Structures are given as structure tokens and as C-alpha cells.
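Here's the letter readout for the chains.
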Amino acid sequence: MEQRKLGTSDLTVSAVGLGTWAMGDDFFGRVDDNESIAAIQSAIDHGITLIDTAPAYGAGHAEEVVGTALPGRRDKVVVATKCGIVRTGGDFARNLKPESIRQEIEDSLRRLGVDTIDLYQIHWPDPDTPLEDTVAELLKLQQAGKFRYLGVSNFPPKLLDQIRGMTEIISTQPQYSMLERSIEEDVLPYVREHGLGVLNYGTLAGGVLTGKYTEIPEFEEGDYRATFYDFFQEPVWSGIQKLLYELQMIAVKRGVTPAQVAINWTFQQPGITTSLVGAKRPGQAEANAAAGTWLLTDAELKTITAAIDTHVTGK
Ligand SMILES: NC(=O)c1ccc[n+]([C@@H]2O[C@H](COP(=O)([O-])OP(=O)(O)OC[C@H]3O[C@@H](n4cnc5c(N)ncnc54)[C@H](OP(=O)(O)O)[C@@H]3O)[C@@H](O)[C@H]2O)c1
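On a predicted model such as this, the values are computed, not experimentally measured, just so you know.

Thresholds applied
- Residues numbered from 1 in each chain as written.
- Predicted model: local features only at pLDDT ≥ 70, side-chain atom pairs only at ≥ 80, totals over all residues.
- Heavy atoms only, no water.
- Near = heavy atom within 4 Å.
- Polar contact = N/O pair within 3.5 Å; in protein donor to acceptor, adjacent residues only side chain to side chain.
- Areas by Shrake-Rupley, 256 points an atom, 1.4 Å probe, with all protein chains shown as cover.
- Helix = DSSP H or I, 4+ residues; strand = E, 2+ residues; numbered from the N terminus.
- Nonpolar A, V, L, I, M, F, W, Y, C, P; charged D, E, K, R; others polar.
- Core = buried A, V, L, I, M, F, W, Y, C linked by side-chain atoms within 4.5 Å.
- Buried < 20%, exposed > 50% of the residue type's maximum accessible area, 1.4 Å probe, protein only.
- Contact = heavy atoms within 4.5 Å.
- Pairing = 2+ DSSP bridges.
- Right-handed = clockwise from strand over helix to strand, strands pointing away.
- Salt bridge = Lys/Arg side-chain N within 4 Å of Asp/Glu carboxyl O.

Caption draft 1: Spotlight on the site of the ligand. Surrounding the ligand, one finds 33 residues, the nearest of these being Asp52, Lys212, Arg225, Tyr229 and Lys280. For the ligand, an oxygen atom lies 3.0 Å from a polar atom in the backbone of Trp21. Between the ligand and the protein, one listed contact pairs an oxygen atom with a side-chain N or O atom of Lys280 at 2.6 Å. If the ligand stood free it would expose 900 Å²; the protein chains cover 94% of that surface. For the shell around the ligand, the secondary structure elements donating two or more residues are helix H7 (225-228), strand S12 (274-278) and helix H10 (282-290). Residue classes in the shell around the ligand are distributed as 13 nonpolar, 14 polar and six charged.

Okay, structure coming up:
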């Protein structure tokens, strides 16, 4: 598995990271905890060295699952979690007030069963809280040893600039995949210029880039992924099917899967450090980890980017 430095920090992370949103068991359909735990352990055993979670995933449940899976493997993995999205019932409320973060980090440490969090990320900006107040509290928590490095998520360049004027951050976490490439215009040039690491999320576009759906799926009750990833609808759906056909051709030649091609293309884009991929079962985690053990050639990358432009981006 390809390993990379995360920004200017001393953290080394795999080119494929494990995402745990689905493991919260309240957004991506039903997920069995034992399967989630086995998936985390399998990911680590197959070379994945970064696990991303958040209190927002299942209102703490995903963190508990990670905490159950970690004993015996803690030293092999960078543990990344977040603050700033507080769950009340089904609502996801933005809250970066100091008192809220103080509570959130204690809860995360307890659920994860760790002494310190390796990477603590602001999940989303909170327009109702001055960023200065948030940063002042985070610095106190960092000095107290609650977390090692600070990162952000879903921050546009203007906000990245603002926070970097107040403290050091090492990474950002934006959505990025073959189907959502808007950060190529602004965030990726910015991180390359300033040496920030990038953990991109939604690498498989919520699963559509596996190619496993022959028609637009009707997700089971409790599976809301199509409200977050808007690829499960026309007109984009038909273009995605044409792209998947081209991914399949490359996959067959290489003896891999279209999902593995999609993951490999993503972490090879300039500026991407680690591509987060969600998994619900150990088989998925193992297959996704295997996508980081080889590299698409420059010619293959160009062919794929041209296919994305033709069928999806419409360039
Ligand atoms: N910072 C943020 O705001 C933010 C937002 C979203 C996500 N994230 C992070 O990024 C991570 C990755 O994104 P994501 O989980 O939302 O979406 P994703 O990685 O694009 O898709 C994950 C889903 O695809 C399916 N899948 C994964 N591997 C597969 C395989 N090998 N074969 C077949 N199906 C497979 C699984 O669902 P099924 O089996 O049900 O199809 C899985 O839950 C999250 O888990 C989370 O840690 C962060």
C-alpha cells in the first residue's frame, strides 16, 4: 500500500483511507456492528493506516465501533475524528461554540478509547460562531494533549486562509471523486501551494462508482445516501453508466474492479493525499485497500479523465 506524508506533519497515511459514516448505522441503511468492526480490522490488516470518523455518524455510534475495533491495532493507524456537527434526533446542527467542542472531544476520546486523537477536524464551518472563538478553544485542547494535529473539512479557500492566519492546520477534507471535481478549480491549487494534506471523501460517490447498480437504486428505509450524493438520478445517471463502461474496460485488462480503478484514479490526482472510502463489510475494506497497491499509468489516467469529461463533466 502506498503511504504518504500528511501535509507538513509527521503523520504517514495510506493512499486509501477508511471512512466510517455508514458504520454509524443511521444514514447508509442497516449495518451490522460486527461486520463494521471486522471491516476496520481488515482494513488495517491490509495496509490502511488512516481511519476517519465523526461524532455525527450515528450520534457517536461510529466512534464507538472504531473504539471497539482498535485494541491491538491502535499503533498501526492514524485516528481522525471531527467536531462541530451536533446530532439532536435526526438533525445535523452546526455548532463550533467552545463549550460544545469541549464536550465533544471528551465524548470522542471516551468512545474511541484513545488517549489522544491524531487528527481533529472541524467538520463544517459554523457561520454563527466566530472562528476566533473556536480556534482559541481548540488550541487549549491541543495544548492539553487531547489531539495532535488540527484539520478542517468542507472549507473553501477563503476560510482556509482565515484559519491559517490564526493557527496551523495540516489538512482539509473536501468531497472529491470522478463525479464531483469542483475542488480542482480552487481547493486543490490552494493546498498544493500551501502544503496542506487532503483527505477526500465520497471517493466512490456513495457506491455508484462500483458499477454494481444496473439501474437507479431504490434504497431501503433508513438509507439516505441519495440525499447527500446526488448522482442517483438523471440526467447524470446515464452519463455515469457510459463512464462505468470505460472503467470496466480498463479494470478487465488489469484484473481489478471498476471501484478499484475509481479509487486509484482519485488518489493519484495532484494534491490528494488519501482517498477515504467507506466500507460496511471486511470484503469491501479488503478490496478497497487493494486499490492502493498498484498505480494506473499516466496514459490510463488521461484516458479516464477524458472519459469523465465526455460523459459526466461535459467539458
Ligand atoms: N467531511 C465530510 O463532510 C464527509 C462527508 C461524507 C463522507 N465523509 C467521510 O468520507 C468517507 C467516505 O465517503 P462515504 O462513505 O460517504 O462514501 P463512499 O466511500 O463513496 O461510498 C461508500 C459506500 O460504497 C459501498 N462500497 C464501498 N466499497 C465497496 C466495494 N468494494 N464494493 C461494493 N460496494 C462498496 C458501501 O455501501 P453499500 O454496500 O451499501 O453500497 C459503502 O458504504 C465517509 O465514510 C466519511 O468517513 C466525510
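Caption draft 2: Representation of the nonpolar core in the model. Membership of the largest hydrophobic core comes to 106 residues, with the highest contact counts inside it found for Met178, Leu179 and Leu209. Ranked by residue count, the leading element in this core is helix H8 (residues 236-254), at seven residues. Not counting chain neighbours up to four residues away, the residues in contact with Met178 comprise Leu209, Leu243, Leu247, Val261, Ala262, Trp265, Ile304 and Ile308.

Caption draft 3: Summary view of the pairing of strand S11 (residues 197-200). Residues Gly197 and Leu199 point to one face of S11 and Val198 and Asn200 to the other, with burial holding for every one of them. Of the strand pairs in this sheet, strand S10 (residues 171-173) and S11 are connected by two bridges, and their pairing is parallel. Bridging across to S11, Ser171 finds its partner in Gly197. Viewed along the sheet, the connection from S10 through helix H6 (residues 187-194) into S11 turns out right-handed. Here two bridges tie S11 to S12, and the two strands are oriented parallel to one another. Its bridge partner being in S12, Asn200 is matched across the sheet by Ser275.

Caption draft 4: A look at the pattern of salt bridges. For the structure on display, the rule yields 17 salt bridges. The closest approach of N and O atoms between Asp118 and Arg74, which form a salt bridge, is 3.0 Å. Separated by 44 residues along the polypeptide, Asp118 in strand S8 (residues 117-122) and Arg74 in the loop between helix H2 (61-69) and strand S5 (78-83) bring together distant segments of the chain. Linking Asp161 and Arg164 is a salt bridge whose minimum nitrogen-to-oxygen distance equals 3.8 Å. Residue Asp161 and its partner Arg164 are both found in helix H5 (residues 157-164); the two are separated by three residues, about one turn of the helix. Residue Asp161 is classed as partly exposed on the basis of its relative accessible area of 44%. Judged by its relative accessible area of 30%, Arg164 falls in the partly exposed class.

Caption draft 5: A look at the pairing of strand S6 (residues 85-88). Residues Ile85 and Arg87 point to one face of S6 and are all buried, whereas Val86 and Thr88, pointing to the other face, are not buried. As defined by bridge partners, S6 adjoins strand S7 (residues 91-94) across four bridges and the pair is classed as antiparallel. Each residue of the ladder has a partner; that of Val86, found in S7, is Ala93.

Caption draft 6: Here's a closer look at the environment of Ala38. Position of Ala38 among the secondary structure elements: in helix H1 (residues 33-45). By relative accessible area, Ala38 is classed as partly exposed at 26%. Placed 55 residues apart in sequence, Ala38 and Ala93 show a C-alpha to C-alpha distance of 31 Å.

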